[in-house]
Amino acid sequence: MTTASDSPAILEASGKKQSTQQERFEKVRTLVHSDSSSASAALAQEVADMIQERQAAGKGFVIGLATGSTPVPFYRELIRLHREEELSFHNVTTFNLDEYYGLTQGHPESYFRFMRDQLFDHVDIPAEQINIPDGTVAMEAVYDHCLDYEQRIDQAGGLDLQILGIGRTGHIGFNEPGSSKDSITRMITLDRVTRQDAAADFMGVANVPRSAITMGVGTILKAKRLVLMAWGGNKAEIVREAVEGDVTDQISASFLQEHDNSTFLVDEAASTALTRFQFPWLVGTVDWDDRMRKRAVVWLSGKLKKPVLKLVDEDYNESGTGELLASTSKEAYEVNINVFNHVQHTITGWPGGKKDADDTNRPERAFPFPKRILVLCPEPADAFIGIGGTLERLKEQGHTVKLVFQTSGNLRVADGAALNFARVVLEMAEQELSEVSNWESQKAYADSIVQAIEEKGEFGIDPGRVRKLKGLILRGESRDAASVCRLEAAESEFLDLPFYEKGRYRRFQSTEDDVSIMNRVLNDFAPDIVFATGDAGDPSSVQSICFRVFESAWNELTGADWRQECNVWLYRGRDRSYEAHEIEMAVPMSPDQMDRKAESIRKFISIGDDDQNALTRNREAAEIYDALGMAEYEAIEAFQKWQGAK
Ligand code: F6R
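Residues numbered from 1 in each chain as written. Predicted model: local features only at pLDDT ≥ 70, side-chain atom pairs only at ≥ 80, totals over all residues. Heavy atoms only, no water.

Draft legend 1. Quick peek at the nonpolar core. Judged by nonpolar contacts, the single largest core of 65 residues is most densely connected at Tyr-316, Met-518, Leu-522, Val-530, Phe-550 and Tyr-625. Tallying contributions element by element places helix H21 (residues 542–556) first for this core, with 8 residues. Counting residues domain by domain, this core receives three or more from each of domain 2 (282–344) and domain 3 (372–412 + 460–645). Leave out the neighbours within four places in its chain, and Tyr-316 touches Val-297, Leu-300, Leu-311, Thr-321, Gly-322, Leu-324, Leu-325, Ala-332, Val-335 and Asn-336. Judged by nonpolar contacts, the second largest core, of 45 residues, contains Leu-391, Leu-394, Leu-474 and Ile-601. (Core = buried A, V, L, I, M, F, W, Y, C linked by side-chain atoms within 4.5 Å. Buried < 20%, exposed > 50% of the residue type's maximum accessible area, 1.4 Å probe, protein only. Helix = DSSP H or I, 4+ residues; strand = E, 2+ residues; numbered from the N terminus. Domains from an automatic or database assignment. Contact = heavy atoms within 4.5 Å.)

Draft legend 2. Inspection of helix H5 (residues 142–155) at higher detail. Helix length check: H5, at 14 residues, gives a terminal C-alpha distance of 20 Å against a target of 20 Å (1.5 Å per residue), a fit within 8%. Of all the positions in H5, only Val-142, His-145, Cys-146, Tyr-149, Glu-150 and Ile-153 are classed as buried. Angular distribution of buried residues about the axis of H5 spans 140 degrees; they occupy a single face of the element. Seen from the open side of H5, the exposed residues pointing more than 90 degrees away from its buried face are Tyr-143, Asp-144 and Gln-155. In the core, the buried residues of H5 are packed alongside strand S3 (92–96), strand S5 (130–131), strand S7 (186–189), strand S8 (211–214) and helix H7 (217–221). (Expected span 1.5 Å × (residues − 1). Arc of directions from axis to C-beta.)

Draft legend 3. Representation of the packing of helix H20 (residues 512–525) against H21. Running from amino to carboxyl end, H20 crosses H21 at an angle of 60 degrees, the nearest separation of the two axes being 8 Å. As the angle between them shows, H20 and H21 are arranged oblique. Judged by the sense of rotation from one axis to the other, the crossing of H20 with H21 is right-handed. In this structure, H20 uses Glu-512, Asp-514, Val-515, Met-518, Asn-519 and Leu-522 to contact H21, whose residues at the interface are Val-549, Phe-550, Ser-552, Ala-553, Trp-554 and Glu-556. Looking at the contact of H20 with H21, its residues break down into 7 nonpolar, 2 polar and 3 charged. (Axes fitted to C-alpha atoms, helices over the stretch in contact; angles between N-to-C directions. Parallel < 35°, antiparallel > 145°, perpendicular 65-115°, else oblique. Left-handed = near helix turned anticlockwise from the far one by under 90°. Nonpolar A, V, L, I, M, F, W, Y, C, P; charged D, E, K, R; others polar.)

Draft legend 4. Quick look at the side chain of Glu-109. Inspection of the secondary structure assignment puts Glu-109 in the loop between strand S4 (98–100) and helix H4 (111–118). Glu-109 gets classed as buried once you look at its relative accessible area, which sits at 10%. Here the side chain of Glu-109 touches Arg-504 through a polar contact of 2.5 Å, side chain to side chain. In this structure Glu-109 touches Tyr-100, Leu-103, Asp-201, Phe-202, Arg-504 and Arg-507, once residues within four positions along its chain are discounted. (Polar contact = N/O pair within 3.5 Å; in protein donor to acceptor, adjacent residues only side chain to side chain.)

Draft legend 5. Here's a closer look at the site of the ligand. The ligand sits among 15 residues. The nearest are Thr-70, Asp-98, His-171, Gly-173 and Arg-506. A distance of 2.6 Å separates an oxygen atom of the ligand from a polar atom in the side chain of Asp-98. The side chain of Arg-506 places a nitrogen or oxygen atom 2.3 Å from an oxygen atom of the ligand. Across the complex, the protein chains shield 91% of the 410 Å² of accessible surface that the ligand would expose by itself. Looking at side-chain class alone, the shell around the ligand contains 4 nonpolar, 8 polar and 3 charged residues. (Near = heavy atom within 4 Å. Areas by Shrake-Rupley, 256 points an atom, 1.4 Å probe, with all protein chains shown as cover.)

Draft legend 6. How the structure looks around the sheet that holds strand S10 (residues 262–267). Sheet architecture is open: 7 strands sit in the order S1-S10-S9-S6-S2-S3-S5, paired in parallel fashion. Across the chains shown, the open sheet's two edge strands, defined by having one partner strand only, are strand S1 (29–33) and S5. As paired elements, strand S2 (residues 61–65) and strand S6 (residues 161–164) share 2 bridges and run parallel to each other. In the sheet register, Gly-64 faces S6, and the bridge partner there is Gln-162. On the sheet, helix H2 (residues 36–56) packs against S1, S2, S3, S6, strand S9 (226–230) and S10 and is oriented at approximately 150 degrees with respect to S2. (Pairing = 2+ DSSP bridges.)

Draft legend 7. View of the environment of Asp-191. With respect to the helices and strands, the residue Asp-191 is situated in the loop between S7 and helix H6 (192–197). For the pair formed by Asp-191 and Ala-270, sequence separation is 79 residues and the distance between their alpha carbons is 22 Å. Discounting chain neighbours no more than four positions away, the residues touching Asp-191 are Thr-169, Glu-176 and Pro-177.

Draft legend 8. Region of the structure containing the pairing of S1. Here S1 lies mainly inside the structure; 5 of its 5 residues are buried. Burial along S1 is two-sided: the face carrying Arg-29, Leu-31 and His-33 and the face carrying Thr-30 and Val-32 are both buried. Looking at chain direction, S1 and S10 are connected through 5 bridges and run parallel. Counterpart to His-33 in the pairing with S10 is Asp-267.

Draft legend 9. How the structure looks around a nonpolar patch on the surface. Together, Tyr-143, Leu-147 and Ile-184 make up an exposed nonpolar region whose accessible area comes to about 290 Å². Of note, Leu-147 is situated in helix H5. You can call Leu-147 partly exposed: its relative accessible area is 31%. (Patch = residues over 30% accessible without salt bridge, like charges linked within 9 Å, V, L, I, M, F, W, Y side chains within 5 Å. Salt bridge = Lys/Arg side-chain N within 4 Å of Asp/Glu carboxyl O.)

Draft legend 10. Region of interest: the sheet that holds S4. Strand order in the open sheet formed by 3 strands is S4-S8-S7, and the pairing between neighbours is antiparallel. Edge positions in the sheet fall to S4 and S7, since each of these pairs with one other strand and no more. The sheet shows a mean angle of 25 degrees between the axes of neighbouring strands, taken without regard to direction.

Draft legend 11. Up close: the domain arrangement of the protein chain. What the domain assignment reports for the protein chain is domain 1 (25–276), domain 2 (282–344) and domain 3 (372–412 + 460–645). If you average the C-alpha positions of domain 2 and of domain 3, the two centres end up 34 Å apart. Of the residues lining the interface, 11 residues belong to domain 2; the matching set on domain 3 comes to 10 residues. Between domain 2 and domain 3 lies a buried interface of about 890 Å² when both sides are counted; carbon and sulfur atoms form 60% of it. Among the residues of domain 2 in contact with domain 3, Arg-291, Lys-294 and Val-343 are the three that bury the most area, contributing 44% of the side total. Across the salt bridge formed by Arg-291 and Glu-584, the nearest N and O atoms sit 3.3 Å from each other. The interface formed by domain 2 and domain 3 includes 4 residue pairs in polar contact (both at pLDDT 80 or more). Sorting the residues of the side of domain 2 that touches domain 3 by element identifies helix H11 (290–304) and helix H14 (332–344) as the ones contributing at least two each. In terms of residues, the side of domain 2 that touches domain 3 owes the most to one element, H11, which gives 5 residues. (Buried area = accessible area lost by both parts, 1.4 Å probe.)

Draft legend 12. Spotlight on H4. All buried positions along H4 are accounted for by Tyr-111, Phe-112, Phe-114, Met-115 and Gln-118. In an axial view of H4, the angular spread of the buried residues amounts to 160 degrees, which keeps them on one side of the axis. On its buried side, H4 packs onto S2, helix H3 (72–85), S3 and S4.

What follows is the structure, encoded as structure tokens:
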């Protein structure tokens, strides 16, 4: 890993492809920073230096910009440099990569609006130097508009630097699979995966535009320098394919391998699938500690499709893991047994620890019993998706469980759900149901909801009262889901963290207020165990922000007695599942528990987010354990211990 202090200059690193033996599978220079903030700050500083150098020489600077979550911390840092360190953008000309087709500039989800909110309104770039494809040109004028965009880039002297993100389809700009290397600015159809990824912004996938205008791969490759940023575990696999795989039009980011001045800038979570991190024994000598051994043996077993206990010396030697055997001077069988036991000991039906049992080889300690267990749930459905089965077990086994819903999740609730509620009230008023004699105030309230939703239009921003109502609807569904997992209403708490109430997707920013709420919850409850998620997610996601809020509160509480003994178990909800070697606690689930978990997830009707994929992931985890030679379970919920806890 490269830290901010020892990292090579990002804009100078490109061109020099693999710099070390470990990086030899990487066909484009890839710099790994510990987190997105340090990487973005380093890049912003270098861009600022370049802009200022050009200013000193009386020249302009032409930069291609991206939208989406990825560049947000980079833009925030540029704004800071402008405000606090007198960085001026008067000589800067910008060209954005793309725009949704059919959205007006004022549309809350248009990239024009996004760029104003995230950068342009906060710095001194002259408006006439800003260029973004126009999503409203008539269909018959699109071709000319695109040609004109290309010409404007050329007339500006070409792009000095193009900033890129990467979609899960491997797209850069909106160059979806199939885009050719010499494609130019044009209209494209968005991939299904891309539309799903934008669904939260548009309140459901059905509302995401089907097409967009994007710079072509050829347009992008003409830039003098390219920096592609990627954050979070969900990008790890596509980053590996783009960096280590063949150049292919199925992954347009792979074309960066053919540019002589391009760099991938990633955070630790997005780097995990690169060979040097995932299979380090294939690229150099490694320190064969217990963790590394488990990782290599589990990998070998998966690769050869042989249960761990059946691996023989030749399997190790012929697959590049001979060094592992050499390091222990033991036979394969002994190494196998050791790893087998390690994996076996991760399995427990007692996620809160087993009373009075010998806990030497159990993931969770026996004492105290029962435990005080705090389950953190960033968006309302997350805990059910991630640990629905475990929740139920914890309750059954007599622990004191508290389920904390960190955000209200109200942005995910469809307008229809709020309208339905308002209309029911109006109808009740009309029929003068029940003994209530005066319906005027309820009617006025319901009318105001209907009116607010009609006024804001399909994608408009919900006024506070609509968000509040949507949040309450979701609370009801959350309670329903919790009761399927046998939790009483009093065992849930709703925090409605302020960062979420004030923000929008991709643009959330937490503050001290959020941390102090979290601090209060932790301190009041004094847990023995915390279950949390979001540690390795996209840093702009609600899950990741909630995790960082928890982490800050946790760090403020170093002196608290309960904290010394408290374990923090991480779970995965919507993020990338744990790999078998990463799992430190595996909680098996019966078919009946799976049915109840499915039922709890289905309770979230108003968000139309019936993530039954969660069940598939649980079944896959069980299949992987089975293939390693463990007992065959229906499904498994997997956990890892948070290393940052102590
Ligand atoms: C946006 C763009 C896209 C995004 C990509 C990643 O202008 O061109 O290629 O960079 O979809 O999006 P995020 O950053 O939201 O993960």
